[in-house]
Amino acid sequence: MTDPATGKAVKKVLPKDEAEEVSAPAPAEEQELVNRARNGDLSAYDELVRRYQERIYATVYHMTSNHEDANDLAQEAFIKAYQALKSFKGGSSFYTWVYRIAVNKTINFLKQRKNRSQMSLNDVDFNAEHDPDLVALISDKTPRREANLSELQEKLNEAMQKLSDSHRLVVTLHDVQGLSHEEIAKIMDCNVGTVRSRLFYARQQLQGYLADYLK
Amino acid sequence: MNPESENFEQLRRLLALKRHEVPPPGYFDRFSRDVIARIKAGERGSEGLAEKFPWLGRILAAFDTRPAIAGAFGAAVCALLVTAIVSSEGTAVSTSISPGIAAANSGNPSLTADATLANANVSASQEMSSTTSSNSSIASLFDQFQLKTQPASFSFPGGN
């Protein structure tokens, strides 16, 4: 998709309601790809990677706030998943399973990285400047009118990094990526009630950190 | 408590900004290619190990997907190590008290021979302490091991 004004490639961002509907593709087709990949067909695995790369990358990126780390971790998650395909029993979807591998890898990485957190943020795409919600936030309703998108982005990421790993993960999966509580519970291997309570707590924390931008 | 409450509506709108953070253009075109290349490189590198020990590959794969299994395995290894240390200390104490008895009880002929020699050493040292003044007993002691003894003489070129 290309922006007609600038000719720049832009990525379509789904509205929240639409994003909530995002889920795994047809299971039969996916299972076929998984079976072929399990038998060593790398083109089938390439197709699986293409399907989920953006979501896996985005989850890891929003957890780390660092593009290079996200790149390494997302690639390693897919490599590990390929190596472990034989142990994949199909109890959950491949999508949930890969997510779980990526999330575990990221949390382990963050535990090791704890003391050397450094942000390396991606650029905000062209759509953001025209997102009515964001325009509203950085204009009339925001007391700090001088705030621009990149400043807002930095503050938002700083606030996210103040959350614990599990709280940041819930916010990322639900509010940023639009997964349902049930899907998050499967990925995090906990019950839906835990997901809800973590989400509530995380949002409360974020609201406190970002009070200047939310009045 | 309702997490979907209107109180968080503004926050959710703000969080939507994160959806607009995208990697450099063309990044995802290369991503899967890089993953497949790394898989191929890894297959070439670890082909032998994975084929020789397929069970090892399965265990490592299980560790990746279920960290609880990795934790349980780590705990089991620690428990085994502690047990091994404790039991080896007990064995070391009993052999240091009576090495001859322990070795003789083991029934190993070479160890039994070593034990006999050790016992001979023990008895020799006892004998030495009781008869240090007697040269003949010292000689007999060396005779027992068939060692040659010879008086030592030193000469210094400077005369000192």
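None of these values were measured; they are calculated from a predicted model.

(A) Highlighting the overall build of chain B. Helices and strands together make up the secondary structure of chain B, namely seven helices and one strand. The buried share of chain B, reckoned over its 160 residues, is 20%. Total accessible area computed for chain B in this model is approximately 11300 Å², and 62% of it derives from carbon and sulfur atoms.

(B) Representation of the overall build of chain A. Within chain A, the regular secondary structure consists of eleven helices and one strand. For chain A, buried positions account for 49% of its 215 residues. Pairs at least 24 residues apart make up 67% of the contacts formed inside chain A by residues separated by at least 6 positions. Element-wise, carbon and sulfur atoms account for 47% of the exposed surface of chain A, whose accessible area totals about 10100 Å².

(C) Region of the structure containing helix α7 (residues 149-162) of chain A. Here α7 of chain A spans 20 Å end to end across 14 residues, near enough to the 20 Å set by a 1.5 Å rise per residue. Considered for burial, the residues of α7 of chain A that qualify are L149, L152, Q153, L156, N157, A159, M160 and Q161 of chain A.

(D) Looking closely at a nonpolar patch on the surface. All names here are of chain B. On the surface, a nonpolar cluster with roughly 280 Å² of combined accessible area is contributed by F53, W55 and I59. Structurally, the position occupied by I59 is in helix α3 (residues 54-65). Under the relative-accessibility criterion, I59 is labelled partly exposed at 34%.

(E) How the structure looks around the environment of C190 of chain A. Residue and element names in this part refer to chain A. As for its placement among the helices and strands, C190 is situated in the loop between α9 (181-188) and α10 (192-209). C190 sits in the partly exposed class, given a relative accessible area of 22%. Setting aside residues no more than four positions away along its own chain, C190 makes contact with A185, V195 and R198.

(F) Structural context of the environment of V170 of chain A. Residue placement: V170 of chain A occurs in helix α8 (residues 165-176). Those residues within four positions of V170 of chain A in sequence are excluded, and the remaining contacts are D175, I184, M188, V195, R198 and L199 of chain A.

(G) Just the confidence of the model for chain A, in detail. The predicted model of chain A averages 81 in pLDDT, with 76% of residues at 70 or higher. Across residues 1-23 of chain A, confidence stays below pLDDT 50; counting only partners more than four residues off in sequence or on other chains, it has 41 contacts.

(H) How the structure looks around the packing of helix α3 (residues 42-64) of chain A against helix α5 (residues 94-113) of chain A. All names here are of chain A. The N-to-C vectors of α3 and α5 enclose an angle of 35°; their axes lie 10 Å apart at closest approach. Two packed elements cross with a definite hand, and for α3 against α5 that hand is right-handed. Across from Y45, L48, Y52, R55, I56, T59, V60, M63 and T64 in α3, the residues of α5 making contact are F94, Y95, V98, Y99, A102, T106, F109, L110 and R113. Class assignment of the residues belonging to the contact of α3 with α5 gives a composition of 13 nonpolar, three polar and two charged.

(I) Layout of the side chain of D46 of chain A. With respect to the element layout, D46 of chain A can be found in helix α3. Setting aside residues up to four positions removed in sequence, D46 of chain A forms contacts with S32, R33 and I36 of chain B.

(J) Structural detail: the environment of L121 of chain A. Residue and element names in this part refer to chain A. Mapping L121 onto the fold places it in the loop between α5 and β1 (123-124). We classify L121 as partly exposed; its relative accessible area is 27%. Along the sequence, L121 and N157 sit 36 residues apart, while their C-alpha atoms lie 8.6 Å from each other. Discounting chain neighbours no more than four positions away, the residues touching L121 are Y61, S65, Q153, E154 and N157.

(K) The packing of aromatic side chains, seen in detail. Residues and elements named next belong to chain A. Per the stated rule, a full pass over the model turns up 16 aromatic pairs over all chains. Ring geometry for Y57 versus Y61: centroids 5.9 Å apart, planes at 10°, classification stacked. Of the two residues, Y57 and Y61 both sit in helix α3, four residues apart, roughly one turn of that helix. An aromatic cluster of at least three residues, connected via ring pairs, comprises Y45, Y52, Y82, F88, F94, Y95, W97 and Y99.

The rules we used
- Residues numbered from 1 in each chain as written.
- Chains lettered and ligands numbered in written order.
- Predicted model: local features only at pLDDT ≥ 70, side-chain atom pairs only at ≥ 80, totals over all residues.
- Heavy atoms only, no water.
- Helix = DSSP H or I, 4+ residues; strand = E, 2+ residues; numbered from the N terminus.
- Buried < 20%, exposed > 50% of the residue type's maximum accessible area, 1.4 Å probe, protein only.
- Areas by Shrake-Rupley, 256 points an atom, 1.4 Å probe, with all protein chains shown as cover.
- Contact = heavy atoms within 4.5 Å.
- Expected span 1.5 Å × (residues − 1).
- Patch = residues over 30% accessible without salt bridge, like charges linked within 9 Å, V, L, I, M, F, W, Y side chains within 5 Å.
- Salt bridge = Lys/Arg side-chain N within 4 Å of Asp/Glu carboxyl O.
- pLDDT = per-residue confidence, 0-100.
- Axes fitted to C-alpha atoms, helices over the stretch in contact; angles between N-to-C directions.
- Left-handed = near helix turned anticlockwise from the far one by under 90°.
- Nonpolar A, V, L, I, M, F, W, Y, C, P; charged D, E, K, R; others polar.
- Phe/Tyr/Trp six-rings, centres within 6.5 Å; stacked < 30°, edge-to-face > 60°.

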